Structures are given as structure tokens and as C-alpha cells.
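Residue-level structure breakdown
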Amino acid sequence: MSLFLKNRGALLILMFNLFLVFTGIGLVIPIMPKFMESLGITGGMIGLLVAAFSLTQLLFSPLAGRLADSFGRKRMIIIGMFVFAFSEGLFGLASSPALLFVSRLLGGVSAAMIMPAVMAYAADITTKEQRAAGMGYINAAITTGFIIGPGIGGYIAEFGIRVPFYAAAIAGVAAACVNLFILPESRQAEEASAGSEPPPKRRSGLLTQLRYAYREPYFLSLIIVFVMSFGLANFETVFGLFVDHKFGFEPRDIAFIITFGSIAGAVVQVTAFSWILKRFGEKRVISVCLLFAGLFIFLTLFVHKYWMIFAVTFIVFLAIDILRPAIGTQMSMVAKDQQGYVAGLNSAFTSLGNIAGPVVAGFLFDVDINYPYTLACLILLVCFALSIRGQKSGLPDAKAAI
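The rules we used
Residues numbered from 1 in each chain as written. Predicted model: local features only at pLDDT ≥ 70, side-chain atom pairs only at ≥ 80, totals over all residues. Heavy atoms only, no water. Helix = DSSP H or I, 4+ residues; strand = E, 2+ residues; numbered from the N terminus. Buried < 20%, exposed > 50% of the residue type's maximum accessible area, 1.4 Å probe, protein only. Areas by Shrake-Rupley, 256 points an atom, 1.4 Å probe, with all protein chains shown as cover. Expected span 1.5 Å × (residues − 1). Patch = residues over 30% accessible without salt bridge, like charges linked within 9 Å, V, L, I, M, F, W, Y side chains within 5 Å. Salt bridge = Lys/Arg side-chain N within 4 Å of Asp/Glu carboxyl O. Axes fitted to C-alpha atoms, helices over the stretch in contact; angles between N-to-C directions. Parallel < 35°, antiparallel > 145°, perpendicular 65-115°, else oblique. Left-handed = near helix turned anticlockwise from the far one by under 90°. Contact = heavy atoms within 4.5 Å. Nonpolar A, V, L, I, M, F, W, Y, C, P; charged D, E, K, R; others polar. Phe/Tyr/Trp six-rings, centres within 6.5 Å; stacked < 30°, edge-to-face > 60°. Lys NZ or Arg CZ within 6 Å of the ring centre and 35° of its normal. pLDDT = per-residue confidence, 0-100. Core = buried A, V, L, I, M, F, W, Y, C linked by side-chain atoms within 4.5 Å. Polar contact = N/O pair within 3.5 Å; in protein donor to acceptor, adjacent residues only side chain to side chain.

Right, let's get into the overall build of the protein chain. Of regular secondary structure, the protein chain possesses 18 helices and zero strands. Split into buried and exposed, the 402 residues of the protein chain put 58% on the buried side. Carbon and sulfur atoms make up 70% of the accessible area of the protein chain, which totals about 15,700 Å².

Between its terminal C-alpha atoms helix α17 (residues 371-389) stretches 27 Å, which fits the 27 Å expected from 19 residues at 1.5 Å a residue. Residues of α17 that are buried: P372, Y373, A376, C377, I379, L380, C383 and S387.

Turning our attention to a nonpolar patch on the surface. Taken together, the side chains of L55, L59, F60, L63, L67, F71, I79 and L105 present a nonpolar region at the surface, about 610 Å² in accessible area. Ranked by residue count, the leading element in the nonpolar patch is helix α4 (residues 43-70), at five residues. Positionally, L59 belongs in helix α4. The class for L59 is partly exposed, based on a relative accessible area of 46%.

Taken N-terminus to C-terminus, the directions of helix α14 (residues 282-299) and α17 make an angle of 160°; their axes are 8 Å apart at the nearest point. The pairing of α14 with α17 is recorded here as roughly antiparallel in orientation. You can see that α14 and α17 cross each other, and the crossing is left-handed. In this structure, α14 uses I286, S287, L290, L291, A293, G294, L295, I297 and F298 to contact α17, whose residues at the interface are Y373, A376, C377, L380, L381, C383, F384, S387 and I388. In terms of residue class, the contact of α14 with α17 is built from 15 nonpolar, three polar and no charged.

On to the packing of aromatic side chains. For the coordinates displayed, the defined rule picks out five aromatic pairs. On the basis of an interplanar angle of 40° and a centroid distance of 4.6 Å, the ring pair of F91 and F165 is categorised as tilted. Of this pair, F91 sits in helix α5 (residues 73-93) while F165 sits in helix α8 (residues 163-181), and the two are 74 residues apart along the sequence. The class for F91 is buried, based on a relative accessible area of 0%. Residues W275 and F280 carry aromatic rings whose centres are separated by 6.0 Å and whose planes lie at 90° to one another, so their mutual orientation is edge-to-face. On the basis of relative accessibility, which here comes to 52%, the residue W275 falls in the exposed class. For F280, a relative accessible area of 32% gives the class partly exposed. The lysine or arginine in question, R75, covers the ring of F71, its NZ or CZ lying 4.9 Å from the ring centre. Over the aromatic face of F280 sits the side chain of R279, whose NZ or CZ is 5.0 Å from the ring centroid.

In this section: the pattern of salt bridges. The final tally for this structure, using the stated rule, is one salt bridge. Its salt-bridge partner being R104, residue E88 comes within 3.8 Å of it at the nearest N-O pair. Residue E88 is found in helix α5, and its partner R104 is found in helix α6 (residues 97-124); the two are separated by 16 residues along the sequence. Look at R104 and you get buried, because its relative accessible area is 7%.

Below, the discussion takes up the side chain of S110. On the secondary structure map, S110 appears in helix α6. A residue is classified by how much of its surface remains accessible, and S110, at 0% relative accessible area, is buried.

This part is about the confidence of the model for the protein chain. Taken over all residues, the pLDDT of the protein chain has a mean of 77, while the share at 70 or more is 83%. When the elements of the protein chain are averaged for pLDDT, helix α1 (residues 2-6) gives the smallest value, 47, and α5 the largest, 90. Low pLDDT, under 50, characterises residues 1-5; the stretch is placed with twelve contacts to residues that sit more than four places away or in other chains.

Note on placement: L323 falls in helix α15 (residues 306-332). We classify L323 as buried; its relative accessible area is 0%. Taking the C-alpha atoms as reference points, L323 and V288, 35 residues apart in sequence, are found 8.8 Å from one another. Apart from residues lying up to four places away in sequence, L323 is in contact with M228, I286, C289 and L290.

A separate point is the nonpolar core. Residues M228, F239, L290, I327 and Y373 are the most contacted members of the largest nonpolar core, which totals 67 residues. Tallying contributions element by element places helix α11 (residues 219-247) first for this core, with 13 residues. Other than its neighbours up to four places away in sequence, I327 contacts S221, I224, V225, M228 and I286.

Here the focus is the side chain of N17. Relative to the helices and strands, N17 resides in helix α2 (residues 8-26). N17 gets classed as buried once you look at its relative accessible area, which sits at 0%. When residues no more than four places from it in sequence are discounted, the contact partners of N17 are I77, M81, A175 and N179.

Our focus in this paragraph is the environment of T300. Tracing the chain through its elements places T300 in the loop between α14 and α15. The spacing of T300 and N370 is 70 residues in sequence and 9.3 Å in space, taken between C-alpha atoms. Excluding residues within four positions of it along the chain, T300 makes contact with F235, F242, V312 and Y373. Among the polar contacts listed, one links the side chain of T300 to the backbone oxygen of F296, at a separation of 3.1 Å.

Next comes the structure, spelled out in C-alpha cells:
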């Protein structure tokens with residue numbers, strides 16, 4: 001554990017970066033119903049708005065993953081944080097759907113630059129035995145950002161629906177400065193930037209990488225990432241709109257449900273995630289989480305009381321928050337010296353699902369508010385079946401790698 005303890009300062013900074021980014025992303029969730037009213041946009045437009053973020057994240061993720069291997073993790077994180085700050089400020093200033101789209105496109109670029117670099121950095125400073133714990137901490141920061149983001153958005157929106165975005169922009173600049181002056185470059189990235197070249201096949205473009213991804217030993221995990229992201233995006237994109245239209249919830253109500261419904265996920269990731277993977281293995285954990293997420297999203301269609309909505313959402317978020325780092329940990333085990341590349345592919349497949357999912361969910365919402373959740377349930381159960389079918393694949397579990 002000495003390496004882990006030695007680099008805990010760097011790990012804390014990495015966690016702060018992702019916490020801030022996903023806080024900014026989460027800000028919009030409880031506020032979007034009010035934006036729909038003030039700007040006169042539909043559920044379909046909301047879906048396109050969410051997909052715009054994921055589109056640029058997809059386009060830039062493979063390139064960003066390679067640059068994180070060759071240009072340096074730290075540099076990519078700093079640039080990404082400045083882009084994030086600008087996108088948040090622009091969203092706060094936006095008075096038309098066009099500017100909202102520009103803001104979210106830039107937000108996707110920032111996420112593409114930050115995510116692979118942070119994941120690769122975390123892999124650099126942990127051994128295989130510590131990898132699950134490190135990824136648990138990193139994903140706990142993401143979860144906490146999602147927890148705090150809607151809470152901040154919901155409560156500060158009472159002072160003005162644009163105020164939270166200005167605060168996120170200021171915090172983004174501050175975080176970039178912290179990275180610039182305090183965060184050291186990781187060892188592997190320093191070696192890469194000093195002149196070591198990545199293998200030739202890693203220099204291919206996005207389409208080529210996606211086309212030949214089936215050759216990779218972790219391809220089944222990438223498929224699960226895509227299908228999972230598609231299904232979850234149906235749930236997350238329209239959640240605020242769903243409870244607003246069906247139950248008349250205000251931003252504060254939406255923020256409360258999301259905030260406390262996600263807390264358990266962050267606690268589990270920090271305290272028990274490593275033990276869960278070592279005890280049961282990634283494959284089994286992934287399958288169980290997919291099953292629970294699908295079933296409880298389906299139950300959302302039949303609950304009516306506030307406490308029941310809270311309880312069902314609680315289980316959904318818990319399953320999601322365990323599922324995401326489990327898949328990331330599984331793929332990192334076979335990435336070896338290409339952590340940035342694999343993290344980039346992971347981000348790219350996530351973005352593919354996050355592009356298709358919100359668009360479909362938004363337009364289905366305009367037809368019937370129950371349709372997005374019905375589809376999300378079916379998609380996640382299909383993903384569960386895929387994970388069961390792949391139980392005998394060659395991907396290692398954390399407990400087998402130790």
C-alpha cells in the first residue's frame with residue numbers, strides 16, 4: 001500500500017477534478033424543466049442537448065486518450081479544466097438554444113480531455129492489487145459530483161437559474177490552477193513525453209479504433225458499456241422532466257431525491273467497493289447491478305408516493321454507482337501500458353450510448369412520459385443477458401489478478 005499512500009495527494013487532486021466536472025454536469029438536472037419553460041424547448045430538444053455533450057466527448061476521447069499517453073496526463077487535465085470552466089460560464093450566459101448547444105459541445109470536449117487522463121493517472125500510481133481501490137475512489141468523486149451538482153443546482157437556482165453555472169466556471173479556473181502548480185506528472189506519462197512512442201496501432205483514428213475494437217480482449221466489456229450507457233441515459237436524461245410533469249416537483253424536490261438517492265453509492269465506493277470486487281469478482285458484480293438497475297427503473301413507472309420514488313431511485317443509483325467502476329476496473333486489468341488508450345475507448349463507447357440514449361429518450365418523452373423508462377428497463381435487461389453470456393470470457397477479475 002506504500003505506493004498508494006505516497007501518491008494519495010495526487011489522488012485527492014484527481015478526485016477533486018472529477019468531482020468538479022461532474023458537479024457541473026449535474027447542475028443542469030433539476031434546472032432543465034425551468035429552462036424548458038423559459039426558452040420554450042421540448043423533451044426532444046433536451047435529449048439533443050444532452051447528446052451534444054456526448055458527441056464531442058466521443059469524437060475527442062480516443063485522441064485525448066492517446067495524448068494522455070504521449071503528451072502527459074497533467075497537461076491534458078489542465079487544458080480540459082479551462083475548457084470546462086469556459087463551457088460552464090457560457091451556459092450561464094446563454095439566452096438561446098444555440099448557445100446552450102455550443103456550451104454542451106465544449107463541455108463534452110473538456111470531459112474527453114479530463115476523463116482518460118485522470119483514469120490513466122490513477123492507473124499509473126496504483127499497483128494491480130490497489131487498482132480496484134484507486135478506481136473506487138476516483139468513481140466516488142464522480143458519484144459525489146453527481147450528488148452535489150443537482151443539490152447545488154436545485155437550491156441555488158432559487159436565487160437565479162444561472163447562478164450555479166457562474167460558480168462552476170470560477171471553480172473550474174481555480175481547479176486548473178491547483179493542477180498547474182501542485183499536481184505532479186505521473187511516471188509513465190513523463191517517460192512517454194520524454195520520447196517513448198505508443199505502438200503503431202494506437203495511432204489510428206476514431207473510426208478505425210471503433211472498427212477494430214472487436215479484436216481487443218475487453219470488447220465484450222465495451223459492448224456492455226455502450227448498452228448500459230444507452231439504457232441509463234434514458235433514465236437520467238428525463239428524470240427531472242418525468243417527476244416535474246408527473247408529480248409537479250420543483251427543482252428543490254428533484255435535487256433532494258437525486259442527492260440522497262446517490263449518497264449510498266459514494267459511501268460504498270469509498271468503503272466497500274474494493275472488497276466487493278475481490279469477494280465476488282467484476283463479472284458477477286456487473287451482472288447483478290445491471291439486473292437491479294433494470295428492474296427498479298421499471299418500478300419507477302408504478303410508484304406514486306414521494307417516499308416510494310425516493311426508495312426506488314436510491315436502489316437505481318446504488319446499482320449504477322457500483323456498476324461503472326466495476327467495468328472500468330475490469331478493463332484496466334488488461335490495459336497494461338496503454339491505460340490512456342483503453343480509458344479513451346471506454347469513454348468513447350460510453351459516449352456512443354450517451355448520444356443515442358438521450359435523443360431517443362427525449363423524443364419518446366414527447367410521445368408518452370412513461371416510454372423512456374420502459375425502454376431503459378428493456379435495454380438494461382438485454383445488457384444483463386449479455387453479461388451473463390460473457391461470464392466465461394477471458395477478462396480477469398480483480399480477485400483473480402491478486
